[in-house]
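Next come the chains, spelled out residue by residue.
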Amino acid sequence: MSPIPETVLPTSSQLDKARSSLVKTLPREGLGEQTALDHIRNDICPALNNSSKSPNYYGFVTGGTTPAAAFADNLVTEFDQNAQVHLPNETITTDVEDRALSLLCELLDLEPADWKHKIFTTGATASNILGLACGRQYIIEEAARRNDSNCILFKASVAQSGLMQAMRYAEVDDIRILTTVPHSSLAKAASILGLGRDAVKLFGRKDKSHKFDMTLLEYELSKHKIASIVAISCGDVNTGFYATTGAEMSKIRKLCNQYGAWLHVDGAFGLMARILNSDPSSSTSILDGVANIELADSITGDGHKLLNVPYDCGFFFSRHPGIGLEVFQNQGAAYLCTSPVDDNAIISPLNIGLENSRRFRALPVYANLLIYGEEGYRKMLWEQMELAQRIAEFISNHEGYEVLPKGNHPDNVFIVVLFKAKDETLNDVLVTRINETSKIYVSGTVWDGEKACRFAVSNWQADAEKDIKIIGDVLERVHADFLVNSLRGS
Ligand SMILES: *Cc1c(COP(=O)(O)O)cnc(C)c1O
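Residues numbered from 1 in each chain as written. Predicted model: local features only at pLDDT ≥ 70, side-chain atom pairs only at ≥ 80, totals over all residues. Heavy atoms only, no water.

The chain appears in an unreviewed UniProt entry as PLP-dependent transferase from Tothia fuscella. Turning to the chain, the UniProt annotation filed under Cofactor (unreviewed entry) states: "pyridoxal 5'-phosphate". (UniProt positions renumbered as here; feature names shortened; annotations may be inferred.)

**Q** So what's going on with the site of the ligand? Which residues, and what values?
**A** Neighbouring residues of the ligand: 14 residues in total, closest T125, D266, D302, H304 and K305. Separating an oxygen atom of the ligand from a side-chain N or O atom of H304 is a distance of 2.7 Å. K305 places a side-chain nitrogen or oxygen 2.8 Å from an oxygen atom of the ligand. A per-element tally of the shell around the ligand places helix α5 (residues 124-147) first, with 3 residues. Across the shell around the ligand, the residue classes break down as 4 nonpolar, 7 polar and 3 charged. (Near = heavy atom within 4 Å. Polar contact = N/O pair within 3.5 Å; in protein donor to acceptor, adjacent residues only side chain to side chain. Helix = DSSP H or I, 4+ residues; strand = E, 2+ residues; numbered from the N terminus. Nonpolar A, V, L, I, M, F, W, Y, C, P; charged D, E, K, R; others polar.)

**Q** Describe the packing of helix α13 (residues 362-397) against helix α15 (residues 464-489), and please don't skip the residues or the numbers.
**A** Two packed helices can be described by the angle between their axes and the distance between those axes. Running from N to C, α13 and α15 cross one another at 30°; their axes reach a closest spacing of 10 Å. One way to sum up the angle between α13 and α15 is to call them roughly parallel. In the packing of α13 onto α15, the handedness of the crossing is right-handed. On α15, the residues touching E383, E386, L387, R390, I391, F394 and I395 of α13 are A464, E465, D467, I468, I471, G472, L475 and E476. A per-class count over the contact of α13 with α15 returns 8 nonpolar, 1 polar and 6 charged. (Axes fitted to C-alpha atoms, helices over the stretch in contact; angles between N-to-C directions. Parallel < 35°, antiparallel > 145°, perpendicular 65-115°, else oblique. Left-handed = near helix turned anticlockwise from the far one by under 90°. Contact = heavy atoms within 4.5 Å.)

Given below as structure tokens:
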């Protein structure tokens, strides 16, 4: 195992050196392996950040890579299997993928047999695209079925006839994605899929909580000639808060059944809290936030975040293999045909996902799941939550800082801590001051119209005892330096 680096960012001179060393034009004759690799090792590597190698990098939700996952990922590269077609007599690749996805379901307390359409993706953004694409297909078909516009059901397939024709056949005027505190990738997915970013509509309560205004939601779902996808933010990326309680999930499921809507959950990092299910000491607001998530039609998850496998790895689960096959069917290439579909056969990934040729990204996940198991991942998450809660406590008790949303109790913190400096002048430069220490790294964001700072604890090496000291020192020093400088200035 490599030692934990002292700093999280390269210096500006390392960056400058690397930038000026980049080869400007394509070499006419190759430089040769020795020269090229020396350049990569000596010039480029020092200018990469330690977002994965250091547990003190708290930007975005980054995760790291366990040694086992790194080893497995190197094997993936070495053997370079193409995980697109299920070829059981030729390679074990798709069997491993299928098994890894089942084990992953178990880890997240989901019944593998309920999620027949499951696939690894490049990340949660791709999984959200899959979720909205399946949702779009389903809600238009469902609208046609309900209109009883007989014999036009087959024409109301977005996959076959295209969005505009299918909507005409189904007599649907508009498609909406109803949500609260969505991740930015949801609007991106809506844009890519021809639904448009404006289709994403927020139905949060007036009290600015993350929960739905259920009355408004029901009213919107009941609108005539509008087909809807409800998207649940199972973990808002700014605060880590959950958009639903278990009771609200049941209610939303019923509403979706009633009005023919699709229920999608974006659980990129928040889903992981489901491994706490059997732990009675966990905060009820966190347990309740992931309760009844299994009522969804589709679920987005991320591997390269809390599973601590390398980029690029996300996953997607849906209950509706028929819809998945309709949308993603790679028709018309005889040489890619696979054995006839029986109910328990592994479906060729190219027919239920975005890509045709794909990396064998299941192997690092399989490795980690075997090595850590349920208990190992639970311990890892406990340590990450412990650290996040201690950061929140430190901030709450410090005269110069405050946690956001105001009054948020450390016990409600999952792995994300949002905060600001009380003094506006310091708050304006807080992210820069913290990150220029290079001891830790935080993300900047905006909360309630003001600049804010955010810790996301997600690395497998998190060590609450050790890391809180490093973080406390940095926050203390940044605040003390600010006080000294403002005294000098006045
Ligand atoms: C990180 C994240 C995404 C996007 O994930 P990528 O892996 O970066 O594509 C989507 N939704 C949520 C809630 C996230 O935290």
